[in-house]
Every structure is written in structure tokens, then in C-alpha cells.
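What follows is each chain in one-letter form.
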Amino acid sequence: MTALTLSTAGAATLRADALVVGVAKSGKGLVVAPGAEAVDEAFDGRLAAVLETLGAAGAEGEATKLPAPAGLKAPVVLAVGLGSAPEDGAYGTEVLRRAAGTAARTLHGAKKAAFALPVATAEDAEAIAEGALLGAYAYTAYQDSKNGKDAKKPLAEVALLGAKPRDKAHKAAAERAQALTEEINRARDLINMPPNDLYPETFAAVVTAVGKEHGLKVQVLDEKALEKGGYGGILGVGKGAARGPRLVRVAYTHPKAEKTLALVGKGITYDSGGISLKPAGHNETMKCDMSGAAAVFAAVVAAARIGLAVNVTGWLALAENMPSGNATRPGDVLRMYSGKTVEVLNTDAEGRLVLADALTRASEENPDAIVDVATLTGAMVLALGHRRFGIMANDDDYRTAIHEIAEEVGEDSWPMPLPSDLRKGMDSPTADIANMGERMGGGMVAGLFLQEFVGEGITWAHLDIAGPAFHEGAPYGYTPKGGTGSAVRTLVKLAEKTADGEL
Ligand code: BES
Ligand code: ZN
Ligand code: ZN
């Protein structure tokens, strides 16, 4: 866990292993961003010129290390690119977040880094702290050979310069960033954990333990309880696996809360496709199919740690989707928790089945809104690519609000419709509905399926995070390889705005 401190020390006087500064492109070439004036002075005002001779252009994602001159207490200066220098001097928060992430990643193995990036507002300080603490993340739990005492460790301490430790807003920003990023990193750990160790029972045990630590109410329905309750969707998906499914309710309540937000997460700890087995090349990363549940869990804990004045109830629909002699077959009909019957035409469309039961159950408590999060469809990845999630909703204003919130916190997303003409593709000759419809527009078909299990009159949104949940390419900014923690920042901001009465 990386520690965060706000420091009033000057950039030249703070002892650290590295000093992080920002550089940007301007009409006159490279410029040093505000916050690093003392560093530039130590270079006799030639920092930008020196960096240019090293090939730095100030582009986003760029990181240039150089030895520090006498006069600085840190041995190394790391210049990170901030893109084009803004005319009004206000760097965007996501630019700062990413640059801080790039710096923390580049400094893997160092103990302490001082960040002298431009801080004009408490929001800037928060973004830099978030980026640094997310960028410092590394998943090494299973790399025994690398875990010796000589192994490089993530950056241990981030000192934020330019933020004001005695300013209430700045202090709150730092505390919020620390709580939020620790929970995002916990979600990443859960997503990255191999599915032979993370399965419904062990996932539920983590929620129980962490929930206890933070004063949350946790209830776990095991197979027996699911049978008794008639949760045909969750049971049907979990049937083929040796390890049984769970439905976990994790609730944060605030004494002054006026609203309750329900969050529902898809928690398929491994998606083999079941009897409709996925072909080779499509299941190697399917441990990530519980990213929605991980995001919901992280958001509930973060809301509690930040102390938001809203009730947030998380519902984690946990199952392992495996083929076996006991598995649900294509052609089987499930009786769902809602009482509706579903003909399973493709056992690989399992996410909507577990979510359906959780949505119905969440609706019984009559929350002010329900938001579900799921790595639901390959179709959404085809539509929006790997960096943005799709947002669907039964209320256009709510969908727009979530899209704007995501934008505000630096998560890329896009609104998608729920066209009713796609519903007839799921008509079943045998049951009330089939779990598959037209192939084209598959992300929206899945959204329409879910909508049928949301309680009458309840505002609902669905985030399909199949694209951004798991990052297979090279790390960039604060995004590591593997689990990303997609949607957590959006959910927490949504809870915050719900608490503030803005929604
Ligand atoms: N877990 C997958 C969706 C997925 C794809 C997540 C790629 C992350 C990356 C989901 O359960 C699935 O297999 N959906 C099917 C549905 C189809 C059979 C109707 C799909 O998208 O192909
Ligand atoms: Zn599937
Ligand atoms: Zn799945």
C-alpha cells in the first residue's frame, strides 16, 4: 500500500528518491508546468532546454528521467508530459491523473517520490494523488521467484507538493483519494486473482471480512439458501461447477441518509461459457468476469470510508460458469427469482441470468435507483472498444447524468439505447423469454433482458464494462495490465451526488 502525504516543503528542499515535474508543449516549444519553478531554478532556468536535448516533447504518456543538479535534495528528476499547455493555465484533472500514474509506474522500485505537478485546486490535488496511488499498483502475489528481498516494490511513499495540508478541502481530497484508490486496488487484486483461488465462496469470505472491518452489514446466501429462495438464475448458472454460487448483500448505511442506491455486480469468477463452451483464445482472461461485482464491492466500501450521507447496498451475484454432467444445457428452462421462466439458448449468456435474480431481489427493497455493472457482452467491446463502457438506462436523464459523472472522474463511457424492437428476438416458444436474441446489437439485447427484471417504477442503469475491465496491452497512465477497477470512480461519484441531492 502506498502512503500519501501532503507536504509544505519546497521542491528543492524535500528529501526523496525522485522529484516529479510536469512539462508541456507550447507554441515556443517545451515549457515547465507550474509547481516546478524551484526545480527549474536549480537547472538555472534551463530545465526545458535540457529536456528538449534529451528528446522530450511534452506528449502525454512521456516520461524522461535525468540526474538532478546540486541544489536539489532528490538525486533524480522525472519529467512527465502533460500534452499541450492550456491557454488558461488550467490543466485537466484526467491529464494530471494520468501523468501522475505514468510517474508512479516509472518509479517502480523507488521508495519515496515528491510530486511537483501543477496544483491549482483541491480537485487537482485529488487527481494527482489518485493517479499516483493507482499507478503505483502492481500485482505480484503469485510471482514467488520475484518476491525475494531484492525484488522491486511499488513506490512506497508519495509526497504531494503544492497541496495545502492545513486546508480543509485539500486534506479531504487527499483522504478521499487514499480511500478510493485503496478500494480500486483491492478490486484489481480480486480481478487478478486466479480463479482456482477466487471462487464464489472465497469471494464472499473476503466481503465478509472487509465488511466487518468497515462496519458494513454483510449477508451471504449459499446454495441452500438460494434453493430455498428460488433463485433459479444464479443456481442455473452455478450448477455445472464443483464450487457453488453465492448471492452477497453488503450494505452501508448512514444515519442522515435520505436516499438509497442499490448497486448490482456480475460476479462470474470464471466464465468458460459452460456447455456452450468458449473456443480457445476466448477464455484465457475470463477470470475477469467478476469485475462488476468487484467494482460494486469497492464502491460500497469506499462510500463507507469516505462517509457519504447516502445508503449504498451492494448485491454481488457470484457463480462459476462451468460445463459438466450437471451443468445447465442449451434448451433448459430456468424459473427465475422473479417467477419468470427463461429458456437458456446459450449457456455463455450467463451474466444476464445471475444479474436478473439480483436485480429482482434488489428491487424488493425499493431503492431510489439501481445501477448494475457487468462484463456482459463481447458485442459492447466490438461497439466501443477496450477503453470505454456502455451505459444503458430506463431513464434518459439518469443515463446522461451517469455519462457526465464518468466524464468528470476521468472514466471513458458512452450512452447506448435500449431499442424495444430488439425485444422480439428473445421471444421463446417454450418460456417467457430466451436468454439470447439477435446477434447484432448484442449489448443492447442483453440490456433489454435485464430491464425486464427491474422492479416497476425504479430508476435503473446498466454499465457494460466488458471492454475496459481488463487491460491486456501495455500499461499506460495509471492503468496497469490486468484488472483495472473500471467503474468504481463513477459509482462512488454517483453515490456522492445522490447524497448531495443532485440526482
Ligand atoms: N463474459 C462474457 C462477455 C465478455 C466478453 C466479457 C469479452 C469480457 C470480454 C459473456 O458472458 C458472454 O460470453 N457473452 C456472450 C453472449 C452471447 C452468447 C449472447 C457474448 O458476448 O458473446
Ligand atoms: Zn459468458
Ligand atoms: Zn460472462
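Residues numbered from 1 in each chain as written. Chains lettered and ligands numbered in written order. Predicted model: local features only at pLDDT ≥ 70, side-chain atom pairs only at ≥ 80, totals over all residues. Heavy atoms only, no water.

(A) Spotlight on the sheet that holds strand S9 (residues 246–252). The 8 strands lie next to each other as S8-S9-S11-S10-S14-S18-S15-S16, forming an open sheet whose pairing is mixed. Two strands lie at the open edges of the sheet, namely strand S8 (217–221) and strand S16 (413–415), each paired on one side alone. Between one strand axis and the next, the sheet turns through 20° on average, direction left out of account. Bridge count between strand S10 (residues 260–271) and strand S11 (residues 311–321): 11 bridges; the pairing is parallel. Bridge assignment links threonine 260 to a residue of S11, and that residue is asparagine 311. (Pairing = 2+ DSSP bridges. Helix = DSSP H or I, 4+ residues; strand = E, 2+ residues; numbered from the N terminus. Axes fitted to C-alpha atoms, helices over the stretch in contact; angles between N-to-C directions.)

(B) Local environment of the environment of glycine 58. Looking at the secondary structure, you find glycine 58 in the loop between helix H2 (47–53) and strand S4 (63–67). For glycine 58, a relative accessible area of 0% gives the class buried. When the C-alpha atoms of glycine 58 and serine 84 are compared, they prove to be 7.5 Å apart, with 26 residues separating the residues in sequence. When neighbours within four sequence positions are excluded, glycine 58 is seen to be in contact with Val23, Ala24, Lys25, Leu30, Gly81, Leu82 and Gly83. (Buried < 20%, exposed > 50% of the residue type's maximum accessible area, 1.4 Å probe, protein only. Contact = heavy atoms within 4.5 Å.)

(C) Up close: the coordination of the zinc ion (ligand 3). Note on the zinc ion (ligand 3): its protein donors are Lys266 (NZ), Asp271 (OD), Asp289 (OD) and Glu350 (OE). The metal-donor distances range over 1.9 to 2.5 Å. Taken together, the 6 donor atoms coordinating the zinc ion (ligand 3) span angles of 77 to 173° at the metal, a pattern that classifies the geometry as octahedral. Here the donor residues for the zinc ion (ligand 3) map to a single chain with the spacing K-x4-D-x17-D-x60-E. A spacing of 3.2 Å is found between the zinc ion (ligand 3) and the zinc ion (ligand 2), which share aspartate 271 as a donor. Highlighted residues: lysine 266 in strand S10 and aspartate 289 in the loop between S10 and helix H9 (291–306), separated in sequence by 23 residues. On the basis of relative accessibility, which here comes to 2%, the residue aspartate 289 falls in the buried class. (Donors = N, O, S within 2.8 Å, 3.2 Å for Na, K, Ca; no water. Tetrahedral: all angles 85-135°; square planar, octahedral: opposite > 155°, others 65-115°.)

(D) Highlighting the pairing of strand S15 (residues 389–393). The buried fraction of S15 is high, at 5 of 5 residues. Alternating positions in S15 separate into two faces, Phe389, Ile391 and Ala393 on one and Gly390 and Met392 on the other, with burial throughout. Pairing of S15 with S16, which is carried by 3 bridges, proceeds in the parallel orientation. Bridging across to S16, glycine 390 finds its partner in tryptophan 414. One crossover worth recording links S15 to the parallel S16 by way of helix H12 (residues 396–409), and it is right-handed. Summarising the sheet, S15 and strand S18 (residues 459–464) pair through 4 bridges and their orientation is antiparallel. Residue alanine 393 lies in a different strand from S18, and its bridge partner there is alanine 461. (Right-handed = clockwise from strand over helix to strand, strands pointing away.)

(E) Summary view of the site of ligand 1. Around ligand 1, the structure places 16 residues, and the nearest of them are Lys278, Asp289, Asp348, Glu350 and Gly378. For ligand 1, an oxygen atom lies 2.8 Å from a polar atom in the side chain of lysine 278. Protein coverage of the free-state accessible area of ligand 1, which is 530 Å², stands at 78%. Across the shell around ligand 1, the residue classes tally to 5 nonpolar, 4 polar and 7 charged. (Near = heavy atom within 4 Å. Polar contact = N/O pair within 3.5 Å; in protein donor to acceptor, adjacent residues only side chain to side chain. Areas by Shrake-Rupley, 256 points an atom, 1.4 Å probe, with all protein chains shown as cover. Nonpolar A, V, L, I, M, F, W, Y, C, P; charged D, E, K, R; others polar.)

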